[in-house]
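Tertiary structure, described
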Amino acid sequence: MPLSDDTSDFAARLAAAKAGDELAWRRLFRLASGRVVGFLVVRGAADPEAVAGDTFLAMVRSIRRFHGGEREFIAWSLTIAHRRLVDSRRAASRRPEIVTDPADLEQPDHHDVEEAALGLVGAARVRRLLDRLTPDQADVLALRIYGDLTLPEIADRLSKPLTAVTSLQHRGLEALRRLLADSD
Amino acid sequence: MQDEFDRIASELRSEADATVFADLTEAAVVRGSRPRLIGRLRRRAATTAAAVVLAFSGLGGVAYAANGAAPGDFLYGLDRALETVGWGNGGTAERLAEVKALVEAGNAGQGLEHATDSLLGHIEGAGSEAAQSALLAAAERIATLGEGEAAGPPEGVADLLTYLSENIDAIDGQAVAELARAIGGNVPAGPPEDTPAGPPEDVPAGPPGDVPAGPPVSTP
């Protein structure tokens, strides 16, 4: 569903969702869920469905603190998704993982099954490219992609200086250019 | 590259917008449309906290000092830690006292809801969302399990409150989240056999299907 220009429609929907209206919630999630899942896929989440679920629940709990239009709503949802992704990676890093066979380290990309189930073919392909970037570069580009955010907006969302975000985007795009050139 | 990137980005957004994830959002939709359980708990927490404060007032509104626990009480250590912070610090210390009052009154779930609200502005960084989510989840677990004055506070609540009181000026959201996840027995039974014994690990986030979507829990 493309973003609409009807700000009053979104405002009414947001107010209804804050009051617990089920239909309003469905419409809000229809706006943001694809963007959230796409973001998590391109950022290589090990379990994008689980992190997306956590994100949606967090949105429900925090909705009364959200104020803004459609664009801000999507940006807000992506910010929550990013934080949930960071949390999930920290939790995973603290769980011992037993490698039974060194050959397992060379198995085909384990993301493939998850991504196929989600149906975001384009996102799956771009994920392979972003995996080759640093995490910070990939974060900036993923937010550009799924939130269509400006660099100042990304800097605010990631709590980073604008100069740092600008540099991350520049280096990330340069790295992508080299990857695409090498693949020709 | 910029133009190429913009083109790819536009295509990815279109792909995302055209894909429906109803299964992934269903649990959240149910939660979002439930009769405002969380809101009700929050209002009750504030009301109850105010009533408890008033009931013990007599020291200029700093009611907590009149209700200090004695050695042997389960929150005695918390009392001592709060004293080191000093009364008259305002806001956060008094909010924490209200949380403790709720817990002592057998309303730990409401206490955690109140803690989520009152400490919101004091948790910064990437851990804040995790802390809020974990506190509210713990409150709902307590509401589901049920609690009574005779049973005492649920497991893990005292540890959380002690941490908050000892770190009141520098609350770490991730630490709060970990402590909150351990409330109500939400801790793995034990470490795997081939790992050394140690503190319980974080419970990994589960799929949306793990979230109970039953009717609103009746409040006592």
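Residues numbered from 1 in each chain as written. Chains lettered and ligands numbered in written order. Predicted model: local features only at pLDDT ≥ 70, side-chain atom pairs only at ≥ 80, totals over all residues.

1. Considering the overall build of chain B
From N to C terminus, chain B includes 9 helices and 0 strands. Reading the helices (α) and strands (β) of chain B from amino to carboxyl end gives α-α-α-α-α-α-α-α-α. Burial analysis of chain B (220 residues in total) assigns 36% to the buried set. The long-range share in chain B, meaning contacts at least 24 apart out of those at least 6 apart in sequence, stands at 70%. (Helix = DSSP H or I, 4+ residues; strand = E, 2+ residues; numbered from the N terminus. Buried ≥ 20, exposed ≤ 12 C-beta atoms within 10 Å, placed from the backbone. Contact = placed C-beta atoms within 7 Å.)

2. Some words on the overall build of chain A
Counting its secondary structure elements, chain A contains 9 helices and 0 strands. Ordered by position from N to C terminus, the α and β elements of chain A give α-α-α-α-α-α-α-α-α. Within chain A, the proportion of its 184 residues that are buried is 41%.

3. Examining helix H6 (residues 121–130) of chain A
For H6 of chain A, the complete set of buried residues consists of Ala123, Val126, Arg127 and Leu130 of chain A. The buried residues of H6 of chain A occupy one face: seen down the axis, they fall within an arc of 115 degrees. (Arc of directions from axis to C-beta.)

4. As for the confidence of the model for chain A
Fine structural detail should not be taken from predicted coordinates in areas where pLDDT scores are low. In this model, chain A carries a mean pLDDT of 87, and residues with pLDDT of at least 70 account for 85%. Across chain A, element-level confidence peaks in helix H7 (residues 135–147) of chain A with a mean pLDDT of 96 and bottoms out in helix H5 (residues 111–118) of chain A with 70. (pLDDT = per-residue confidence, 0-100.)

5. Some words on the interface of chain A and chain B
Taken together, the contact pairs 47 residues of chain A with 41 residues of chain B. Taken together, the elements giving at least two residues each to the side of chain A that touches chain B come down to helix H2 (22–42), helix H3 (48–62), helix H4 (70–93), H6, H7 and helix H9 (162–183) of chain A. With 12 residues, the top contributor of residues to the side of chain A that touches chain B is H3 of chain A. Considered class by class, the residues forming the side of chain A that touches chain B number 25 nonpolar, 8 polar and 14 charged. (Nonpolar A, V, L, I, M, F, W, Y, C, P; charged D, E, K, R; others polar.)

6. Concerning the environment of leucine 96 of chain B
Within the secondary structure, leucine 96 of chain B sits in helix H5 (residues 91–104). Separated by 69 residues in the primary sequence, leucine 96 of chain B and serine 165 of chain B have C-alpha atoms spaced 7.4 Å apart.

7. What about the packing of H3 of chain A against helix H2 (residues 22–33) of chain B?
Running from amino to carboxyl end, H3 of chain A crosses H2 of chain B at an angle of 20 degrees, the nearest separation of the two axes being 9 Å. What the angle tells us is that H3 of chain A and H2 of chain B run roughly parallel. As for how H3 of chain A packs across H2 of chain B, the hand of that crossing is right-handed. On H2 of chain B, the residues touching Glu49, Ala52, Gly53, Phe56, Leu57, Met59 and Val60 of chain A of H3 of chain A are Leu24, Thr25, Ala27, Ala28, Arg31 and Gly32 of chain B. Here the contact of H3 of chain A with H2 of chain B is composed, by residue class, of 8 nonpolar, 3 polar and 2 charged. (Axes fitted to C-alpha atoms, helices over the stretch in contact; angles between N-to-C directions. Parallel < 35°, antiparallel > 145°, perpendicular 65-115°, else oblique. Left-handed = near helix turned anticlockwise from the far one by under 90°.)

8. Looking at the nonpolar core
Within the largest apolar cluster, 55 residues are counted, with the highest numbers of intra-cluster contacts made by Val37, Leu40 and Ala142 of chain A. A per-element tally of this core places H2 of chain A first, with 11 residues. Not counting chain neighbours up to four residues away, the residues in contact with leucine 40 of chain A comprise Ala45, Pro48, Val51, Ala52, Ala81 and Leu85 of chain A. With 29 residues, the next largest nonpolar core counts Ala97, Val99, Ala138 and Val157 of chain B among its residues. (Core = buried A, V, L, I, M, F, W, Y, C linked by C-beta atoms within 7 Å.)

9. Focus: the packing of H7 of chain A against helix H1 (residues 2–17) of chain B
Between H7 of chain A and H1 of chain B, the shortest axis-to-axis distance is 8 Å and the interhelical angle comes to 60 degrees. Taken as axis vectors, H7 of chain A and H1 of chain B run oblique relative to one another. Of the residues in H1 of chain B, those touching H7 of chain A at Arg144, Ile145 and Tyr146 of chain A are Ala9, Leu12, Arg13 and Ala16 of chain B. Looking at side-chain class alone, the contact of H7 of chain A with H1 of chain B contains 5 nonpolar, no polar and 2 charged residues.

10. Quick notes on unusual backbone geometry
Residue and element names in this part refer to chain A. Even without being glycine, aspartate 148 reaches a positive phi, approximately 50 degrees. As for its placement among the helices and strands, aspartate 148 is situated in the loop between H7 and helix H8 (151–158). Backbone geometry at serine 159 places phi at a positive 55 degrees, although glycine is not the residue there. Looking at where serine 159 falls in the secondary structure, it is placed in the loop between H8 and H9.

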